[in-house]
Protein chains: 2
Amino acid sequence: MQLRNRGELHLLREIRRRFSPVSDAPGSGVLVGIGDDAAVIDSKGKKLLVTTDTMNEGIHFDLDFSSPFHLGFKLVSVNVSDIMAMGGSARYLFLNLSMRENADETFFWELYEGISAAMELYRVELLGGDLTAAVHDTSFTATVIGEGDRIVTRGAASVGDRIYVTQPTGDSACGLELLKRLTPESREAVRRERFIAGRPGRQESGGQRDLEILVHSSATIVSWKRTEPLLARHLMPVARDPVPLLPYASAMIDVSDGLFIDLSRICDESGVGARVYRDRVPLSDALHYAAEVMELDPFVLAASGGEDYELLFTAPAGSVPGAFCVGEVTAGERVVVDGDGREMPLRGEGYQHFGPA
Amino acid sequence: MQLRNRGELHLLREIRRRFSPVSDAPGSGVLVGIGDDAAVIDSKGKKLLVTTDTMNEGIHFDLDFSSPFHLGFKLVSVNVSDIMAMGGSARYLFLNLSMRENADETFFWELYEGISAAMELYRVELLGGDLTAAVHDTSFTATVIGEGDRIVTRGAASVGDRIYVTQPTGDSACGLELLKRLTPESREAVRRERFIAGRPGRQESGGQRDLEILVHSSATIVSWKRTEPLLARHLMPVARDPVPLLPYASAMIDVSDGLFIDLSRICDESGVGARVYRDRVPLSDALHYAAEVMELDPFVLAASGGEDYELLFTAPAGSVPGAFCVGEVTAGERVVVDGDGREMPLRGEGYQHFGPA
């Protein structure tokens, strides 16, 4: 059977089943093994977190959309996000860069500038890795090691806890939809933009003009200012600092594959159900605006679009500053409740490698 | 300028230069940063070693030569070898596997069996990673975390030290040359062989018949028994345990790119010269046999062939059990001395990614 018919989740589950007895052995120094955002190793009482993620050309990125600068920044961000989703802080970075031999050297150095920008933002240090040729596909892997005091896994949500998300989701998926529809000129303008993402005192980019997208084959102008947050979130996502949430969070994950699929993972690991109120799922103004122009359902993007890298967590009832409550943890099924009180099954759909198309 | 004209070493040197100020900052917890076999992190007095390496289809391996079982085993071995080359012992494994969507599921599970065989041999535990689709190129990255007490870097060789290698080199490169010349039937027979490499009580494989290779377009029979160690070393190399050497070694590296290029790295990092006696470079009987059949120079294979994963180290004068002395560390140039006492420059040539062809 071909991998495309198997599904990534099936394979990962199998791997976990086959290897878990070793990983969970007492005295091995392993506090959290396969199956969470990062592994946790006990090193003389210090908790080390380790995560690694690969980005492949044609699968995770399109060089027509993303500049090497964007990719370098995103590569670091998505790995740092996994450390933060465990409640940790990132410290050390390792890079494996596979590039075509005919790639231009400027590609390499622009990639490095993006990596450097992220390293500075997250204060991580590059400690090693390798640089190799690839025949066809550009491929980047980063490994990040972090430290944590209180580790927040996916598996500790309790019935009665509330479900929170740090910021509206769907922006990244909406940004990708925009990119797909941009005219070549506008796309190239976006590609050249270095979104100085998520920094305090972020500058408005003065030079960027409004963008032109194609809707039903006709060109439509969309506001740069209103779509820029969506493009920035897709091209240069910023990992959320979990520190303000640590006094509250019982279980946590970063939204990499989609709000609902990642919530399903918390439910799977914690052995609980969930009730999400559709009207409480936060949607950004930018998402509303761009989804309307493109005639897309903003809620579908928010619930199923991936790569926002917001933190999704559960916490005992009570207000959590700086987060949106979208529902509660239950002992029952996973459901979405609409404005009229009707319940529908919450489907953990999202991007799956090797999944049937 | 295209990367192919730049050379991996130039790029790595530049990366190291640009990032080294951060990595070497005191108090950062970094004992060894970029530029050795593995990074070393100080974690509450415990020394953690981290290394990561990628293997790309068409660059590092050919699926016509290697089975998924071989590749899985080798992927773990080459990373464990980097930990051992620092004097450490491997503990934890992280895997990033990128495979084509039309790959057969058996490919995936055979890969895992090879990985498992190596995990068992080295007693490492799988703690995480990811599994992603790739458009064209199968690509594997492993990250291994180990522990060490006495760390042996590349940078501590002293003038007057002797230069040692644990076993003859060149076998892996010679094995690759054999593979290239095998007839399709013999190649497939080798591909199916699961070399139970490096284990005590290794079984003679009973079923394997002698192999057929092409020399000057005519078929020649080579002995399976005499070539099997070469094929095993190329397809399923075993990392050498450094523990017996730790009382002696001053500087150490594993021979991944070639004996001379890896010796040059010790010289670069230690700021020393080297004198290697050509007649003392050990050559295996198998290498002599197969090189003669293929009309290749066995010394060139031993000096410049990569992927043996033997340990190359320096130690103060005096005998070191279980290792071959090939020369000495000097304050002068890097030279090879032939049987007549003539000196020639020691060229650190070996495989370099993005190097001019």
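Procedures and definitions
Residues numbered from 1 in each chain as written. Chains lettered and ligands numbered in written order. Predicted model: local features only at pLDDT ≥ 70, side-chain atom pairs only at ≥ 80, totals over all residues. Heavy atoms only, no water. Domains from an automatic or database assignment. Contact = heavy atoms within 4.5 Å. Buried area = accessible area lost by both parts, 1.4 Å probe. Salt bridge = Lys/Arg side-chain N within 4 Å of Asp/Glu carboxyl O. Polar contact = N/O pair within 3.5 Å; in protein donor to acceptor, adjacent residues only side chain to side chain. Helix = DSSP H or I, 4+ residues; strand = E, 2+ residues; numbered from the N terminus. Nonpolar A, V, L, I, M, F, W, Y, C, P; charged D, E, K, R; others polar. Pairing = 2+ DSSP bridges. Axes fitted to C-alpha atoms, helices over the stretch in contact; angles between N-to-C directions. Buried < 20%, exposed > 50% of the residue type's maximum accessible area, 1.4 Å probe, protein only. Phe/Tyr/Trp six-rings, centres within 6.5 Å; stacked < 30°, edge-to-face > 60°. Lys NZ or Arg CZ within 6 Å of the ring centre and 35° of its normal.

### Thoughts on the domain arrangement of chain A
Residue and element names in this part refer to chain A.
- For chain A, the assigned domains are domain 1 (36–147) and domain 2 (153–192 + 207–357).
- Here domain 1 and domain 2 have C-alpha centroids that lie 22 Å from each other.
- On the side of domain 2, 26 residues touch domain 1, which itself brings 26 residues to the contact.
- Taking both partners together, domain 1 and domain 2 bury about 2,200 Å²; carbon and sulfur atoms supply 60% of that area.
- Of all residues in domain 1, F65, H70 and K74 bury the most surface against domain 2, accounting for 29% of the area lost on that side.
- Here domain 1 is connected to domain 2 by three salt bridges.
- Among the ionic pairs, K74 bridges to E307, the shortest N-O distance being 3.3 Å.
- Across the contact surface, domain 1 and domain 2 share nine residue pairs in polar contact (both at pLDDT 80 or more).
- Contributions of two or more residues to the side of domain 1 that touches domain 2 are made by α2 (68–84) and α3 (105–122).
- With 11 residues, the top contributor of residues to the side of domain 1 that touches domain 2 is α2.
- Residue composition of the side of domain 1 that touches domain 2, by class: 13 nonpolar, eight polar and five charged.

### Considerations on the sheet that holds strand β14 (residues 334–337) of chain A
Residue and element names in this part refer to chain A.
- Ordered by their spatial adjacency, seven strands build an open sheet running β10-β12-β7-β13-β11-β14-β15, and the pairing between neighbours is mixed. In the strand order of this sheet, the two ends are held by β10 (251–254) and β15 (343–345), each with one partner. Put simply, the sheet's adjacent strands are angled 25° from each other on average, direction ignored.
- Inspection of the sheet shows strand β7 (residues 162–165) paired to strand β13 (residues 324–330) by four bridges, in the antiparallel sense. Within β13, the residue paired with Y164 across the bridge is C325.
- Helix α7 (residues 259–270) rests against β7, β10, β11 (273–277), β12 (311–315) and β14 of the sheet, and its axis sits at about 145° to β10.

### Side note on the pattern of salt bridges
- Counted according to the given criterion, the structure contains 40 salt bridges over all chains.
- Across the pair D257 of chain A and R265 of chain A runs a salt bridge whose closest N-O atoms are separated by 2.8 Å.
- On the basis of relative accessibility, which here comes to 16%, the residue R265 of chain A falls in the buried class.
- Two residues, R91 of chain B and E147 of chain B, come together in a salt bridge whose shortest N-O distance is 3.0 Å. Residue R91 of chain B is located in strand β4 (residues 89–100), and its partner E147 of chain B is located in strand β6 (residues 139–148); the two are separated by 56 residues in the primary sequence.
- Salt bridges linked by common partners bring D36, D37 and R154 of chain A together as one network.

### Structural notes on the packing of aromatic side chains
Residues and elements named next belong to chain A.
- The final tally for this structure, using the stated rule, is 14 aromatic pairs over all chains.
- Every member of this aromatic cluster is reached through a ring pair, and the members are F108, W109 and Y112.
- Above the face of the F299 ring, R278 is positioned so that its terminal group lies 3.9 Å from the ring centre.

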